[in-house]
Amino acid sequence: QAQLVESGGGLVQAGGSLRLSCTLSGRALGDYAMGWFRQAPGKGREVVSAVGLSGGFTRYADSVAGRFSISRDDAKNTVYLQMNSLKPEDTAVYYCAAEFNGYGTTAASSYGYWGQGTQVTVSS
């Protein structure tokens, strides 16, 4: 059964950068579209970015477009989220998710596998 594990979160000052990683075990990453979602305190889960099979299509939330970049390395079974120019409003728990044979939808309900999250805190 598939398991997703996120890493790379932490505390960073505004304007700084972090690179999140999410590794899939038990399955081949190449069979899945991958998404990054986040949930801030008191708010619902929202999409950050998504990438389709083989990186054929990418999506970004308006709030992160131009600052974040999603990429995947199927050989390493890992998807990444490079986060630059971080803002305090980016503070959240970040989750990766996998959708079998997906296109990289922004709908969280479409993703069948979820990681347990990694905390990103951006200080002012």
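Structure: above.
Being a predicted model, the structure only gives us computed values, none of them experimental. (Residues numbered from 1 in each chain as written. Predicted model: local features only at pLDDT ≥ 70, side-chain atom pairs only at ≥ 80, totals over all residues. Heavy atoms only, no water.)

A.B. asks: How should I be thinking about the sheet that holds strand E3 (residues 18–25) in this particular structure?
C.D. replies: Overall, antiparallel pairing links the four strands, which are arranged E1-E3-E8-E7 in an open sheet. This sheet does not close on itself; its edge strands, each paired only once, are strand E1 (3–7) and strand E7 (68–73). When strand polarity is set aside, the average angle formed by the axes of neighbouring strands in this sheet is 15°. Pairing of E7 with strand E8 (residues 78–83) involves six bridges; the strand directions are antiparallel. Its bridge partner being in E8, Ser69 is matched across the sheet by Gln82. (Pairing = 2+ DSSP bridges. Helix = DSSP H or I, 4+ residues; strand = E, 2+ residues; numbered from the N terminus. Axes fitted to C-alpha atoms, helices over the stretch in contact; angles between N-to-C directions.)

A.B. asks: How should I be thinking about unusual backbone geometry in this particular structure?
C.D. replies: Phi at Asn77 is positive, roughly 55°, even though this residue is not glycine. Positionally, Asn77 belongs in the loop between E7 and E8. Residue class for Asn77 comes out buried when judged on its relative accessible area of 17%. The phi dihedral of Asn101 falls on the positive side, at around 55°, and the residue is not glycine. Relative to the elements of secondary structure, Asn101 occurs in the loop between strand E9 (92–100) and strand E10 (113–114). (Buried < 20%, exposed > 50% of the residue type's maximum accessible area, 1.4 Å probe, protein only.)

A.B. asks: Sorry if this is basic, but what is going on with the side chain of Thr118 here?
C.D. replies: Looking at where Thr118 falls in the secondary structure, it is placed in strand E11 (residues 118–123). Its relative accessible area of 11% is what places Thr118 among the buried residues. Among residues more than four places away in sequence, those in contact with Thr118 are Glu6, Ser7, Gly8, Gly9, Leu20, Ala92, Val93 and Tyr94. (Contact = heavy atoms within 4.5 Å.)

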